[in-house]
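Fold and geometry: a report
Now for the letters of each chain:
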Amino acid sequence: MKKNDEFEIDITDIGNEGEGIGKYEGMTFFIKGGVPGDRILAGATKLKKTYGYARLVKVIKASPFRVTPKCPISGKCGGCQIQSLSYEKQLELKERKITENLIRIGGFSPEFIKEHMDPIVGMEEPFHYRNKAQYPIGTDKENQPIAGFYAGRTHSIIPNTRCYLGAEENEEILNIILSYMKEYKIEAYDEVTGKGLIRHVLIRKGFSTGELMVCLVINKKITELPHQESLIRKLADIPGMKSISVNINTENTNVIMGNEVHTIWGEPTISDIIHVRDMQKDGYPFTGDALTFKISPLSFYQVNPVQTEKLYSLALEYAGLTGKETVWDLYCGIGTISLFMAGSAKQVYGVEIVPQAIDDAKENAERNGITNARFFVGKAEEVLPAFYEGTIGDKKASDDMLHPDVIVVDPPRKGCDEACLSTMLKMQPERIVYVSCDSATLARDLKILCDGGYEIQKIRGVDQFAMTVHVETVVLLSKK
Ligand code: SAH
């Protein structure tokens, strides 16, 4: 076979990036857009010894799991990878991804995983679930400003202001910003030259409160935008608008946000409410408890509020609190999980690297009348060992603090640092609740924890990211 040769192939599997996988004459092919169960005509694009890549030329016989994507550009946009796959199959795929990583990287047996894994928690309405959008701003061939999404693995912007995952208001907000840019000839940032002003637009919505936040990321140290009155007037008219700000980022990197935020209208933050659910009952009904959270532009906040309630409620259930426990919540963000736990624990300690998030966490505790939660700024892998070794904190950190009953971790994709894991093992909590957004690093870390004297009790996936290949996992471990 040579490049560009066309051939018929059955798609039998799906890869980590959502690509279809099939075998042809002993070679494994990876084909973007292929859905398991499809028979397709493929065109070879890259050939290696035992595998190759191909493009989908034509679907010959569509898979029973193939659905028409809602979004007309889902094939090009890097945001969704599996809109062509039925939602039921998406959930199956995610469960399998967790299982395979735990077997391959974690070294657990398939039987063990099967025995300890509960069915993944899916969504009823898997669209328009995201409360946060970060649109890159660029320029088209006619030199007009555009907002959209990066095409998969590149930085070329596909213009699109209507995303089927995001809030309905995003489109109006972006159109107002684009016409303001056109009217006042405000330039979009250009990654290549480093020139231009507007880099990204961050939009956040509190789904329970309806509150909206718009933050324009700009490439200049200014605290006001040129002609901002006209922009503000239009944005402030949108029902729910609470906060408009600029964020300064003059670095030529892929990092979206800089560290400096200036509110140009309204409040510096928005609020959202998260309800506790009963994960033991069908349909996961509300228990009647709820917490209010204040969110800054720079703070992390889970992007799928409907599923977040289920995720946190599951973490709470796994923690098995009775009111007497001491809990560490590592990678705590604005203190959401910490405060969920505080109501059922004696004392909670949260650790988070972003100072603004810790400010939010402290205010969130106060706002919800919670007095048994303390928060520390820093890296989990530094703060936890420092407490344990007595180099920071209370002169004589209490025994409870050094030997907590429960440790919760919810790290970013790269997982926990070894220094963090080894201190957790020294602290010997009865239970560890691991919330993970990357099952590969989860598997790696679980192996370390299990080698260190812990055993897995429960594993459950939660679909925080419908239409994408990403999946959240919650794991309960207990001391052997
Ligand atoms: N539990 C929170 C946040 C989870 S996201 C929630 O559910 O909202 C992961 C968080 O870890 C982010 O807030 C990020 O800023 C923080 N973080 C990243 N690296 C860290 C580190 N080394 N130590 C502590 N926190 C870190």
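In this text the structure is predicted, and so the values were computed from the model without any measurement.

**Focus: the environment of Gln83**
Its place among the elements puts Gln83 in the loop between β5 (51-61) and α1 (87-104). A polar contact is formed between the side chain of Gln83 and the backbone nitrogen of Lys70, at a distance of 3.0 Å. Here Cys71 takes part through its backbone nitrogen, which lies 3.2 Å from a polar atom of the side chain of Gln83.

**What about the packing of helix α3 (residues 169-183) against helix α4 (residues 228-236)?**
Axis separation between α3 and α4 bottoms out at 10 Å; the angle between their running directions is 160°. Classified by the interaxial angle, the pair formed by α3 and α4 is roughly antiparallel. Relative to α4, α3 is oriented so that their crossing is right-handed. Between α3, through Ile173, Ile176, Ile177, Tyr180 and Glu183, and α4, the contact on the second element is made entirely by Ser230, Leu231, Lys234 and Leu235. In terms of residue class, the contact of α3 with α4 is made up of six nonpolar, one polar and two charged.

**So, the environment of Thr423**
Tracing the chain through its elements places Thr423 in helix α10 (residues 418-427). Spatially, the C-alpha atom of Thr423 lies 31 Å from that of Asn304, the residues being 119 residues apart in sequence. Ignoring anything within four residues of it in the chain, the contact list for Thr423 reads Leu384, Pro385 and Tyr388. Within the local environment of Thr423, its side chain forms a polar contact with the backbone oxygen of Ala419, the two atoms lying 2.8 Å apart.

**Quick notes on the pattern of salt bridges**
According to the stated counting rule, one finds 19 salt bridges in the structure shown. The salt bridge partner of Asp38 is Arg66, with a shortest N-O separation of 2.5 Å. Note that Asp38 is positioned in the loop between β3 (27-32) and β4 (39-47) and Arg66 in the loop between β5 and α1, a separation of 28 residues in sequence. Note on Arg66: relative accessible area 24%, which makes it partly exposed. Across the salt bridge formed by Lys94 and Asp463, the nearest N and O atoms sit 2.8 Å from each other. With Lys94 in helix α1 and Asp463 in the loop between β21 (454-462) and β22 (472-479), this pair connects stretches of sequence that are 369 residues apart. Classification of Lys94 as buried rests on a relative accessible area of 1%. Among the residues examined, Asp463 registers a relative accessible area of 0% and is labelled buried.

About the cut-offs
- Each chain has its residues counted from 1, following the order in which its sequence is written.
- Residue-level local features of this predicted model are given only where pLDDT is at least 70; pairs of side-chain atoms are given and counted only at 80 or more, and the full residue set underlies all totals for whole chains, interfaces and linings.
- The side-chain figures draw on all heavy atoms in the structure; neither hydrogens nor water molecules are used.
- Put simply, DSSP marks the helices as runs of H or I at least four residues long and the strands as runs of E at least two long, and each gets a number from the N terminus on.
- We call two N or O atoms a polar contact when they sit within 3.5 Å, provided that within protein one can donate a hydrogen and the other can accept it, with sequence-adjacent residues counted only if both atoms are side-chain atoms.
- Under this scheme, a helix contributes an axis fitted over its contacting stretch, all axes are lines through C-alpha atoms, and angles between N-to-C directions fall in the 0 to 180 degree range.
- Under this scheme an angle from 65 to 115 degrees is roughly perpendicular, one under 35 degrees roughly parallel, and one over 145 degrees roughly antiparallel; angles in between are oblique.
- In this scheme, a crossing is called left-handed if the near helix is turned counterclockwise away from the far one by less than a right angle; it is called right-handed if the turn is clockwise.
- Note on definitions: a residue-residue contact is assigned when non-hydrogen atoms from the two residues lie within 4.5 Å.
- Throughout this entry, Asp, Glu, Lys and Arg are counted as charged residues, while Ala, Val, Leu, Ile, Met, Phe, Trp, Tyr, Cys and Pro are counted as nonpolar. The remaining residues, Gly among them, count as polar.
- In what follows, salt bridge is the name for a side-chain nitrogen of Lys or Arg lying within 4 Å of a carboxyl oxygen of Asp or Glu.
- Buried, partly exposed and exposed residues are distinguished by accessible area as a fraction of the type maximum, computed with a 1.4 Å probe on protein chains only: under 20%, between the cut-offs, and over 50%, respectively.

By themselves, these figures tell us nothing about what the structure is for.
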